[in-house]
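Report on the structure
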Amino acid sequence: MTARPFIPSLVMSLSLLAAPALAQEASSGSGLALGVRGAYGIPVGDAAEGMSLSETFGNTVAPQVDLSYFFNRHLSLGGYFQYGIAKPDGCTDTTECSSRVLRFGVDLDYHFAPEGFVSPWLGVGVGYEMGSLKVGNDPTLAKLGLKGFDLGHAHFGVDLQLTRSIAVGPYISASLGQYSDLTAQVFEEPERSIDIPSDQKSLHVWIQPGVRLQIRL
């Protein structure tokens, strides 16, 4: 056999051998996914001793984005960022005030039936949380900030698999957190930061029902 016909034959043979491996990799379900969520945050507990979380921050409208990597069609690990907007329950109609709650961290999720149209999933994660409150206007503006760890959260949802790459569905999450740092500024006084004493720290919970759209990239 001459070299000229041998080379195309070799290339064809290698291509046929590689095809099953490539198909297996494609069907494994590994790859990136982008998620966009809309949630309603319900606060439970105290931000610190004597500070109701609902009166400090209030219920939030909280959009979220997350980026995950699927190791296979069942298991994914990713990061998230959430920005919640609220008006504290303690505010009155005559007092101008607003609050923000930022949350970010990592999630580990398991999808029970990724090949089905209805695909339930369950996840756990940890993160960090930062809340801020503003009351009044300059020069009578008061500010409060709180920071601390999301000690752990769990969420459960059901995806409706519209296509192989696009899923949408409801979910609910619950997170347990504790603030450890406080900053405060009253009117034009300098901002002050303190570590919340251990005997004044409190555990709080955010319960968040919502809807998620996830796109496999």
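Please refer to the structure higher up on the page.
A few points on the structure. (Residues numbered from 1 in each chain as written. Predicted model: local features only at pLDDT ≥ 70, side-chain atom pairs only at ≥ 80, totals over all residues. Heavy atoms only, no water.)

1. Some words on the environment of Ile196
By the element assignment, Ile196 lies in the loop between strand S9 (192-195) and strand S10 (203-216). Sequence-wise, Ile196 and Asp181 are 15 residues apart; in three dimensions their C-alpha atoms are separated by 5.7 Å. Not counting the four nearest positions on each side in its chain, Ile196 is found in contact with Ala48, Leu146, Tyr179, Ser180, Asp181, Leu182 and Lys201. (Helix = DSSP H or I, 4+ residues; strand = E, 2+ residues; numbered from the N terminus. Contact = heavy atoms within 4.5 Å.)

2. Let's talk about the pattern of salt bridges
Following the criterion strictly, the structure yields six salt bridges and no others. The partner of Asp66 in a salt bridge is Arg37, and the shortest N-O contact between them spans 2.9 Å. Remark: Arg37 occurs in strand S1 (residues 31-48) and Asp66 occurs in strand S3 (residues 60-70); sequence separation between them is 29 residues. There is no split in this pair, since Asp66 and Arg37 are both buried. Residues Glu115 and Arg164 are paired through a salt bridge, measuring 3.4 Å at the closest nitrogen-oxygen approach. Placement of Glu115 in the loop between strand S5 (97-111) and strand S6 (118-135) and of Arg164 in the loop between strand S7 (142-161) and strand S8 (166-186) is noted, with a sequence separation of 49 residues between them. What makes Arg164 partly exposed here is its relative accessible area of 48%. When salt bridges with common partners are traced through the structure, they connect Arg73, Glu115 and Arg164 into a single cluster. (Salt bridge = Lys/Arg side-chain N within 4 Å of Asp/Glu carboxyl O. Buried < 20%, exposed > 50% of the residue type's maximum accessible area, 1.4 Å probe, protein only.)

3. Here's the deal with the packing of aromatic side chains
This model, assessed by the stated rule, comprises six aromatic pairs. Between Phe104 and Tyr128, the aromatic rings sit 6.0 Å apart at their centres with planes inclined by 40 degrees, giving tilted as the arrangement. In this pair, Phe104 is assigned in strand S5 and Tyr128 in strand S6, connecting sequence segments 24 residues apart. Here the aromatic rings of Tyr110 and Phe112 are separated by 5.2 Å at their centres, their planes lie at 75 degrees, and the arrangement is edge-to-face. A relative accessible area of 46% means that Phe112 is categorised as partly exposed. A cation over an aromatic ring shows up here: Arg216 above the ring of Phe70, its NZ or CZ 4.0 Å from the ring centre. (Phe/Tyr/Trp six-rings, centres within 6.5 Å; stacked < 30°, edge-to-face > 60°. Lys NZ or Arg CZ within 6 Å of the ring centre and 35° of its normal.)

4. Let's talk about the nonpolar core
Ala47, Ala48, Leu53, Phe57, Val101, Leu133, Leu144, Leu146, Tyr179, Leu182, Ile196 and Trp206 form the largest nonpolar core, which has 12 residues in total. If you list the elements that add at least two residues to this core, you get S1, S7 and S8. Apart from the residues lying within four places of it in its own chain, the contact partners of Tyr179 are Ala47, Leu53, Phe57, Glu129, Leu146, Lys147, Gly148, Ile196, Lys201, Ser202, His204 and Trp206. (Core = buried A, V, L, I, M, F, W, Y, C linked by side-chain atoms within 4.5 Å.)

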